Amino acid sequence: MNPGYELPVDDVSYNFAFLDEFAKREIRRNILKAISIPGYQTPYASREMPMGRGFGTGGLQLTLSLLGAGDTLKVIDQGADDSVNAVNLRQFVELTCPGANTTERAAEANIIQSRHRIPEDRLTADQILVLQVPTPDPLTIVEPSEARRKIMHGEGDYAPLLTKLYEDIVQFDEIAISNRYPTRLNGHYVIDSSPIPRFDVPKMHQSAALILLGAGRERKIYAVPPFTDAVPLAFEDVAFRTEAFLDSTGNRRRCDRCNSVTSYLDEIIHPDGSRHWQCSDTGYCSERCAQLKGAACEEARS
């Protein structure tokens, strides 16, 4: 987005947060329904946005419906604050939401909109996490009919999905789903956890923060209310596991910037062919670097 761009203003200026009040009320009503029935895919009237569907319109509509003057928003894309998608969405909010603040620190934000990641920082009860979702229904891979999928969700019939996981085990000796891992909420509805990696799925379980998931193209909203059981589908003899990030000696890799051994890491291949590992969550990594630098300065003074 051009930083010098200004929204055109005629006799009636744009509404706060771009969406009209009727649209925001309708989305908020559907959010309440989604919270009341954890995991239920609530249909809503997804509005046309000044960006293509698939670029985060579902999550953005949720954010705009909740954001008010004085609120603080953090936008990340695959963990990064400075990716094209994150920057464009953040600038759009800054243009259309006068009085709202933006930040790159998760602890300062009361609303966090994300694509493909859940922040490394532990979220609190005062925060709302909004996840952008391309495909909200995990049964899509086993049942093409939406009418049939609704019946299966209502009956809790996830046998075809479990069969798909079993076929992975037979073929690959493990469940090969790397993201969008199917997760059961409160013992009933199974949700598509959005394209977050398996590493982030356990963060949904008993999360203090409200987690909202919005799919603009599919016109669906669903939610993981605070302190809700979110259990990944698995088998007793083949347990769910997250990415281990082990090196050739079996030790856990560290971030080359902040030295973290607990975060989700991205592999970076340099032009010379060397491989480096770095925290996917750039805000978390930068804060740790600042803390390490401060600690080094204090040690030098002493």
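You'll find the structure just up there.
As the structure is a computational prediction, the values presented were derived from the model and not from experiment.

What counts and what doesn't
Residues numbered from 1 in each chain as written. Predicted model: local features only at pLDDT ≥ 70, side-chain atom pairs only at ≥ 80, totals over all residues. Heavy atoms only, no water. Core = buried A, V, L, I, M, F, W, Y, C linked by side-chain atoms within 4.5 Å. Buried < 20%, exposed > 50% of the residue type's maximum accessible area, 1.4 Å probe, protein only. Helix = DSSP H or I, 4+ residues; strand = E, 2+ residues; numbered from the N terminus. Contact = heavy atoms within 4.5 Å. Axes fitted to C-alpha atoms, helices over the stretch in contact; angles between N-to-C directions. Parallel < 35°, antiparallel > 145°, perpendicular 65-115°, else oblique. Nonpolar A, V, L, I, M, F, W, Y, C, P; charged D, E, K, R; others polar. Pairing = 2+ DSSP bridges. Polar contact = N/O pair within 3.5 Å; in protein donor to acceptor, adjacent residues only side chain to side chain.

**Student:** When you look at the nonpolar core in this model, what are you seeing that I'm missing?
**Tutor:** For soluble globular proteins, the rule of thumb is that nonpolar side chains tend to be buried together. Counting 32 residues, the largest nonpolar core has Leu 129, Leu 131, Met 204, Ile 211, Leu 213 and Val 224 as its most contacted members. Put simply, the parts of the chain that give this core at least two residues each are β5 (128-132), α5 (159-172), β7 (190-192), β8 (210-215) and β9 (220-224). Excluding residues within four positions of it along the chain, Leu 213 makes contact with Leu 62, Leu 131, Val 133, Asp 192, Ser 193, Ser 194, Met 204, Lys 220, Ile 221, Tyr 222, Ala 223 and Val 224. In terms of nonpolar packing, the next biggest core, distinct from the first, is built from 26 residues, Met 49, Leu 60, Val 75 and Ala 223 among them.

**Student:** What am I meant to see in helix α2 (residues 57-66) here?
**Tutor:** Buried residues dominate α2, accounting for nine of its 10 residues. Residues of α2 that are buried: Thr 57, Gly 58, Gly 59, Leu 60, Gln 61, Leu 62, Thr 63, Leu 64 and Ser 65.

**Student:** Whenever I open this one, the packing of helix α1 (residues 21-36) against α2 confuses me. Can you help?
**Tutor:** For any two helices packed against each other, one specifies the inter-axial angle together with the distance between the axes. Packing of α1 against α2 brings their axes to within 9 Å, and their N-to-C directions diverge by 100°. Classified by the angle their axes make, α1 and α2 are roughly perpendicular. Every residue of α2 that contacts α1 at Lys 24, Ile 27, Arg 28 and Ile 31 is listed here: Gln 61, Leu 62, Leu 64, Ser 65 and Leu 66. Of the residues contributing to the contact of α1 with α2, the split by class is five nonpolar, two polar and two charged.

**Student:** Quick question: what am I supposed to make of the environment of Leu 129 here?
**Tutor:** Note that Leu 129 resides in strand β5. When residues no more than four places from it in sequence are discounted, the contact partners of Leu 129 are Ile 112, Ser 114, Ile 118, Pro 119, Leu 123, Leu 210, Ile 211 and Leu 212.

**Student:** Would you explain the pairing of β9 in this entry?
**Tutor:** Successive side chains on a regular strand alternate, one facing one side of the sheet and the next facing the other. By the criterion of burial, β9 is predominantly enclosed, with five of the five residues buried. Along β9, one buried face is formed by Lys 220, Tyr 222 and Val 224 and the opposite face, lined by Ile 221 and Ala 223, is buried too. The pairing of strand β1 (residues 42-43) with β9 spans two bridges and is classified as antiparallel. Within the sheet, the bridge partner assigned to Thr 42 lies in β9 and is Ile 221. As paired strands, β8 and β9 are joined by five bridges and run antiparallel to one another. Bridge pairing in β9 places Ala 215 opposite Lys 220. Hairpin connection from β8 to β9: four residues lie between these consecutive antiparallel strands, with Arg 219 at a positive phi of about 60°.

**Student:** Looking at this model, I keep getting lost on unusual backbone geometry. Mind explaining?
**Tutor:** Note: most residues except glycine have negative phi, and most peptide bonds are trans. With a phi close to 70°, Phe 18 is a non-glycine residue in the positive phi region. Note that Phe 18 resides in the segment before α1. Residue Phe 18 is classed as partly exposed on the basis of its relative accessible area, which comes to 21%. For His 116, which is not glycine, the phi dihedral falls at a positive 80°.

**Student:** Sorry, what's going on with the side chain of Ser 46 here?
**Tutor:** Secondary-structure assignment places Ser 46 in the loop between β1 and α2. You can call Ser 46 buried: its relative accessible area is 10%. Here Gly 216 takes part through its backbone oxygen, which lies 3.1 Å from a polar atom of the side chain of Ser 46. Contacts of Ser 46, omitting those with residues within four sequence positions, involve Arg 53, Gln 61, Gly 216 and Arg 219.

**Student:** How should the sheet that holds strand β10 (residues 230-232) be read in this particular structure?
**Tutor:** Sheet strands pair by backbone hydrogen bonding; their relative direction is either parallel or antiparallel. Ordered by their spatial adjacency, three strands build an open sheet running β7-β6-β10, and the pairing between neighbours is antiparallel. With one partner strand each, in any of the chains shown, β7 and β10 form the two edges of the open sheet. If you compare each strand with its neighbour and ignore which way they point, the axes differ by 40° on average. Bridge count for strand β6 (residues 182-185) against β10 is three bridges, and the pairing is antiparallel. Its bridge partner lying in β10, Thr 183 is registered against Pro 232.

**Student:** Is there a simple way to explain the sheet that holds β8 in this structure?
**Tutor:** On the basis of which strands lie adjacent, the open sheet formed by seven strands has the order β1-β9-β8-β5-β4-β2-β3 and mixed pairing. Among the strands making up the open sheet, the edge pair consists of β1 and β3 (101-102). Relative to β3, strand β2 (residues 72-77) runs parallel, the two sharing two bridges. Residue pairing for β3: Thr 72 is matched across the bridge by Asn 101. Packing of α2 onto the sheet brings it into contact with β2, β4 (111-115), β5, β8 and β9, and relative to β8 it is tilted by some 130°. Each of β2, β3, β4 and β5 touches helix α3 (residues 84-96); the most contacted strand, β2, lies at about 155° to it.

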